[in-house]
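The lines below spell out each chain.
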Amino acid sequence: MASASYHISNLLEKMTSSDKDFRFMATNDLMSELQKDSIKLDDDSERKVVKMILKLLEDKNGEVQNLAVKCLGPLVSKVKEYQVETIVDTLCTNMLSDKEQLRDISSIGLKTVIGELPPASSGSALAASVCKKITGRLTSAIAKQEDVSVQLEALDIMADMLCRQGGLLVNFHPSILSCLLPQLTSPRLAVRKRTIMALGHLVMSCGNLVFIDLIEHLLAELGRTWDALNMSTTRTYIQCTAAISRQAGHRIGEYLEKIIPLVVKFCNVDDDELREYCIQAFESFVRRCPKEVYPHVPTVISLCLRYLTYDPNYNYDDEDEDDNAMDAEQNDEDYQGSDEEYSDDDDISWKVRRASAKCLDAVVSTRHEMLPDFYRSVSPALIARFKEREENVKADVFHAYLSLLKQTRPAQMWMSDPDAMEQGETPLTLLQSQVPMIVKALHKQLKEKSVKTRQCCFNMLTELVNVLPGAVVQHIPVLIPGIIFSLNDKSSSSNLKIDALSCLYVILCSHPPHAFHPHISALVPPVVACVGDPFYKITSEALLVTQQLVKVIRPLDSLTEEESFDPAPYINDLFSCTIKRLRAADIDQEVKERAISCMGQIICNLGDRLPTELPGTLLIFLERLKNEITRLTTVKALTLIAGSPLNIDLGPVLHEAVPILASFLRKNQRALKLCTLAALDILLKNYSSSVTPAMIDAVLAELPPLISESDMHVSQMALSFLSTLAQTHPSSLAQLSGGNILTQLISLVRSPLLQGGALAAMLDFYQALVCTDTVGLGYMDLLRMLTGPVYSQSSALAHKQAYCSIAKCVAALTRACPNEGPAVVGQFIQDVKNSRSTDSIRLLALLSLGEVGHHVDLSSQPELKTVILDAFSSTSEEVKSAASYALGSIAVGNLPEYLPFVLAEISSQPKRQYLLLHSLKEIIGSASVPGLKPYVESVWTLLLKHCECQEEGTRNVVAECLGKLTLIDPETLLPRLKGYLLSGSSYARSSVVTAVKFTISDHPQPIDPLLKNCIGDFLKTLEDPDLNVRRVALVTFNSAAHNKPSLIRELLDTVLPHLYNETKVRKELIREVEMGPFKHTVDDGLDLRKAAFECMYTLLDSCLDRLDIFTFLNHVEDGLKDHYDIKMLTFLMLARLSSLCPSAVLQRLDRLVEPLRATCTTKVKANSVKQEFEKQDELKRSAMRAVVSLLSIPEAEKSPLMSEFQTQISSNQELAAIFDSIQRDSSSANMESMDTS
């Protein structure tokens, strides 16, 4: 401590030296001292340092002054508050000095100090007191208007301070406003511009009264009658309005009704600058006040379209008429350049055109629902302006069209919907009809001198082809020369070449090969030249194109037909340019990988034409396989080559490659394991004769650790490899018996996670294995291994899922060995009958009978029916449900025998109804449609008898059966279902609506068009008087919105009001229940509200463009104050909304923050149970997640309420900890998503 202050006093002494170098070095040393975290100054040293630095600000030497200013930054955070005030006072005084240099340096000093203050959200007292000090001095400096340069500096600092610390100056806002407003009429343009900036920052944090004052002042000024003299002031007011809208769009919304007519009026005044500012104001309204600007959008579009072509001083001789006069035109343009009579310098009409293009861009990007209109009005106008002469404007016109294409892209999900297509006028069909116009306009631009223009063309083509694959198939002859022109042009920048190549790549990928065959001779040389380019990015992009060209030159799917196109002339060029890159070891990683993939494709498609080069190339692959950096790409390339229909000879490398591949299976890189298993699988299939037993043993040794529940996908690949092995090298499976692989297999079968693809691969493997007749792995051996543990009675298996998987494996084995079937089935029947059998043996036996009976007709077993029906009365629930599954599954194997029996039982056995209906559900769900057709009527009548059952469980099963039955014959049955909506019983109505839910699935079905016509009638039950029916209707609606949004998109206007209606808390549904001495409130409407909010959440994903976000947000806001479950849902919705429509959320931010804050600050009563505390914690975490998402909206933290809440969070230890951990999680999740993308 002492030494530090001694050191500093030493420096201070040097600072008084007359030698400027001493002063400079001493200041420099002080600077580095101040930057150390450990430095502590006593009061005396602080005072001296501050005094000295302030003195040095007036130093004669400019360099010393500059250093002194830099010292202020670290100094502010190291000295006490009153010293900071001294600094600020002195700087403010110096700012008003007569010396210009001192003024400049002081204003830089003030900016440095403001930049160093802690942010407003940290709640620091220092920042508040400093800002208050500065504000008073600045407002007087601004108001005096004596010296313009002082004013400019003061305005600059004011804007800076309002931007960083606006929230702390709330009390000063009225005085700041009153000093800023007169400056808008200042004679100096620079003063007005800076005033507008300061006002823009002011409106982000000011209170409502100040905001109203400002807007009313602007409206009053704009409303006065103007003449030509005041034009420049009018421009300023319009600019100011636009700036306010950009910074605080959510607040200006309610005044738009008054503002927009004024702006439209000024748009028609003949003043280009004013027009430009008016259109810029429109753009900011469109982007920042989406709801309020809605009624004015047509006006804005028509103004923009009018001014997009506004070019009074230039005549575009309709160039479109004569397409062949390209060369003549080029000469014309050169001639215009030398035209002396007219100078472009004073023409600013291009600014008006640019503003119009940008404003159209904003409209197109924000008004998704008007896409079809845009394609009718905006699209042709933009295409016609691609010929714009001013390069900057042209870039914006292209950008606006790109935005239009991007808006069309996410809509493809429901547009590719067959029903939507019938309406003819979808955005995609409209775009398709305009493709010829677009290509014609681009064709000229592709040969332009300007690099920027050509880049825009390529981006545009790329986006067009992504939105409409195959769109330009007729226009390829026109486009290819344009692309080649840029690849060959010496003046092309490397970025232009990269864009041209990636555009060519996308076009090659999305159009049929034969379309390019006439142009291959022109395409190959420039692409080959790009592969040899010294810049690695061009090379890597060119290799991608080459890979695609190889597929185009010789498409493998048409090998069988007579080859229409001869690839021979090009093979050599493509091969030699790629092999050069493949051999080079000292090139960029990306180029290495792409060269490997490209060569893989060349060998896969053209390997039979390269007999001499092939062995050498394969040896290079072997080298690359041994290298850790390139091995994954090489494995993929080998898989491609091994799968080629040309049967490429891999002899030279196979014996070395397979052991290397086997060693990859123990590497800790999942992608490598998966690709290696795929490669080994295809090598076995296509090169089984060359694969030796020694190679197979090497692979088998590595397999056991891969077969485990920890990674189902890897297990699935390993199993399919084993199945292939059983077919190609049955003899090598002998070593499996008693080995590790089988032990792993058996433990995988018992895993509760085994399902889907992995389970299917397991069944395939067992069937392949039992067919090899390997000793020790016959039918009975495998059966014992599978079922042994259940019979050994040691303990029941942990999961019911395990019994189902074992039963499926048993059935697979039995299907593969039909002769063994009857004996095993008989044994299972005895197991079920035997009174000494444990429940787990019965369970397995019943499930196995079901699985076997599903595929094999078991009607030859006389006692089967009675045995299963007896199991219905077992004491174990699991055995009962297994019996009901078994009965249904066996019936599928022989419908005429079993279905009438099940139906008769349902009618005669009321006690067993529920289980028998489950059997029926199994039959309807699994049987083939033609087999079921004859029984539909009898099943339907039976089900209807039970749809009014009191038991909800039974009703649900009946509904599922009705729904699945309707899918069999929708034409007859759907209208019937609709008829029952009029039933007097609420139970029947709820069953029918639930049945509809089971007719909706996420893939196309014949019932869809019929459903679309009548789903509206089913959803009318949202107005049903019965609570339960309304809840079920919401569940069905949710299912439709999730799985097939096209069914309900058109109905949203009628359905949404009823949906929103169900989100309200109903007092009449809340009742008090007495439980002993306690009273407990029960809310019967809770489930209904929960279902409604779930529907809202689903609609965000599937129908966002059909929602009025502001109405939607009103209900989200109510949900934030509702019950625990609903709060959790609405927090999730807020997080989604913050990323989907940030501007709408911003407008409502203040109303959303309040309930979030209430949740975070709620305390649980001290004597509550543990669950209450856990619930509250979970709520807080969820609320915090919502807060973090809200803060990801750029302007959110500028809201006064939000920054106040942030301060509250940071001052509360518990909340701050939660907040930090969630922020860390979200940033790491973002990193991961970037990695995987």
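Note that the structure is a prediction, hence the values are computed from the model and not measured.

K.L.:
It is not clear to me how the overall build of the protein chain should be interpreted in this structure. Could you clarify?
P.N.:
When its secondary structure is counted, the protein chain shows 61 helices and 2 strands. In terms of overall dimensions, the protein chain has a C-alpha envelope of 115 × 95 × 80 Å along the principal axes. Counting only carbon and sulfur atoms, one obtains 52% of the accessible surface of the protein chain, whose full area is about 53900 Å². Each charge class in the protein chain can be summarised by its mean position, and for the 124 positive and 155 negative side chains these summaries are 5 Å apart.

K.L.:
Would you mind showing me how to read the environment of Ile260 here?
P.N.:
Among the structural elements, Ile260 can be located in helix H13 (residues 256-267). For the pair Ile260 and Ser302, spaced 42 residues apart in sequence, the C-alpha to C-alpha distance is 14 Å. With residues near it in sequence (within four places) discarded, Ile260 still touches Phe282, Phe285, Val293 and His296.

K.L.:
Just to check I follow, could you spell out the confidence of the model for the protein chain for this structure?
P.N.:
Interpretation of this model should avoid reading the predicted coordinates in detail wherever pLDDT is low. A residue-level look at the protein chain finds 93% of positions with pLDDT of 70 or above and a mean pLDDT of 82. Contacts for the low-pLDDT stretch residues 319-343, under 50 throughout, to residues beyond four places or in other chains number 17 contacts. Considering only residues more than four positions removed or in separate chains, one finds that residues 1233-1237, a stretch of pLDDT under 50, has 0 contacts.

K.L.:
Would you explain the nonpolar core in this entry?
P.N.:
Generally speaking, a soluble globular protein has its nonpolar side chains buried in company with each other. Core analysis: the largest hydrophobic core is formed by 425 residues, its most contacted members being Phe282, Tyr401, Leu703, Tyr766, Leu920, Ile1048 and Leu1099. With 10 residues, helix H37 (residues 756-770) is the single largest residue contributor to this core. Contact partners of Leu703, with chain neighbours within four places excluded, come to Leu665, Leu677, Ala718, Phe721, Leu722 and Ile741.

K.L.:
Where do I start with empty space enclosed by the protein in this structure?
P.N.:
One simple way to see leftover space: roll a probe sized like a water molecule over the atoms. Applying the stated criterion across every chain, the model contains 5 cavities of 30 Å³ or more. Val658, Leu680, Leu683, Leu684, Val691, Met695, Ile696, Val699 and Phe721 are the residues that line the largest cavity. Across the lining of the largest cavity, the residue classes break down as 9 nonpolar, no polar and no charged. Around the second largest cavity sit Leu638, Leu650, Val653, Leu654, Ala657, Leu661 and Leu683, which together line it. The biggest single contributor to the lining of the second largest cavity is helix H32 (residues 651-664), with 4 residues. Here the residues of the lining of the second largest cavity are counted per class, giving 7 nonpolar, no polar and no charged.

K.L.:
Teacher, can you tell me more about the pattern of salt bridges here?
P.N.:
All chains considered together, the criterion is met by 45 salt bridges. The residue Glu221 makes a salt bridge to Arg224 at a minimum N-O spacing of 2.8 Å. We classify Glu221 as buried; its relative accessible area is 14%. Residue classification places Arg224 among the partly exposed positions, given a relative accessible area of 46%. Across the salt bridge formed by Arg1151 and Glu1117, the nearest N and O atoms sit 3.2 Å from each other. Linking Arg1151 in helix H58 (residues 1149-1161) with Glu1117 in helix H55 (residues 1109-1119), this pair joins segments that are 34 residues apart in sequence. Given a relative accessible area of 43%, Arg1151 falls into the partly exposed group.

K.L.:
Got a minute to help me understand the packing of helix H45 (residues 913-926) against helix H47 (residues 936-946) in this structure?
P.N.:
Pairs of packed helices are described in terms of their axes, by the angle between the two and the distance that separates them. Between H45 and H47, whose axes approach to 13 Å, the crossing angle comes to 140°. On the basis of their axis angle, the class for H45 and H47 is oblique. Once H45 is placed against H47, the crossing between them reads as left-handed. Listed contacts from H47 to Gln913, Leu917, Leu920 and Ile924 of H45 are Val939, Leu942, Leu943 and His946.

K.L.:
Would you take a moment to explain the pairing of strand S2 (residues 1078-1083) for this structure?
P.N.:
Successive residues of a regular strand alternate their side chains across the two faces of the sheet. Little of S2 is tucked away, with 0 of its 6 residues classed as buried. The pairing of strand S1 (residues 1070-1075) with S2 spans 6 bridges and is antiparallel. Considered in S2, the bridge of Ile1070 is made with Asp1083. Counting the residues that bridge the hairpin from S1 to S2 gives 2 residues, and of these Gly1076 lies at a positive phi of roughly 60°.

K.L.:
I'm lost on helix H27 (residues 536-553) in this one. Help?
P.N.:
Relative to the 26 Å expected for 18 residues at 1.5 Å per residue, H27 spans 25 Å between its end C-alpha atoms, a close match to the ideal helical length. In terms of burial, H27 is a largely internal element, 15 of the 18 residues being buried.

K.L.:
What exactly am I supposed to notice about the packing of helix H19 (residues 391-408) against helix H23 (residues 451-467) here?
P.N.:
Relative to each other, H19 and H23 sit at 10°, their axes nearing to 10 Å. Classified by the interaxial angle, the pair formed by H19 and H23 is roughly parallel. On the side of H19, the interface is formed by Glu391, Asn392, Lys394, Ala395, Phe398, Tyr401, Leu402, Leu405, Lys406 and Thr408, while H23 contributes Lys452, Thr453, Cys456, Cys457, Asn459, Met460, Glu463, Leu464 and Val467. Here the contact of H19 with H23 is built from residues that sort into 10 nonpolar, 4 polar and 5 charged.

Basis of the calculations
- Residues numbered from 1 in each chain as written.
- Predicted model: local features only at pLDDT ≥ 70, side-chain atom pairs only at ≥ 80, totals over all residues.
- Heavy atoms only, no water.
- Helix = DSSP H or I, 4+ residues; strand = E, 2+ residues; numbered from the N terminus.
- Areas by Shrake-Rupley, 256 points an atom, 1.4 Å probe, with all protein chains shown as cover.
- Lys, Arg positive; Asp, Glu negative; His and termini not counted.
- Charge placed at Lys NZ, Arg CZ, Asp CG, Glu CD.
- Contact = heavy atoms within 4.5 Å.
- pLDDT = per-residue confidence, 0-100.
- Core = buried A, V, L, I, M, F, W, Y, C linked by side-chain atoms within 4.5 Å.
- Buried < 20%, exposed > 50% of the residue type's maximum accessible area, 1.4 Å probe, protein only.
- 1 Å grid on protein atoms, 1.4 Å probe; cavity = no way out; pocket = protein on both sides within 12 Å on 5 of 7 lines; lining within 4 Å.
- Points joined across faces, edges and corners; volume = space filled by probe spheres on them.
- Nonpolar A, V, L, I, M, F, W, Y, C, P; charged D, E, K, R; others polar.
- Salt bridge = Lys/Arg side-chain N within 4 Å of Asp/Glu carboxyl O.
- Axes fitted to C-alpha atoms, helices over the stretch in contact; angles between N-to-C directions.
- Parallel < 35°, antiparallel > 145°, perpendicular 65-115°, else oblique.
- Left-handed = near helix turned anticlockwise from the far one by under 90°.
- Pairing = 2+ DSSP bridges.
- Expected span 1.5 Å × (residues − 1).

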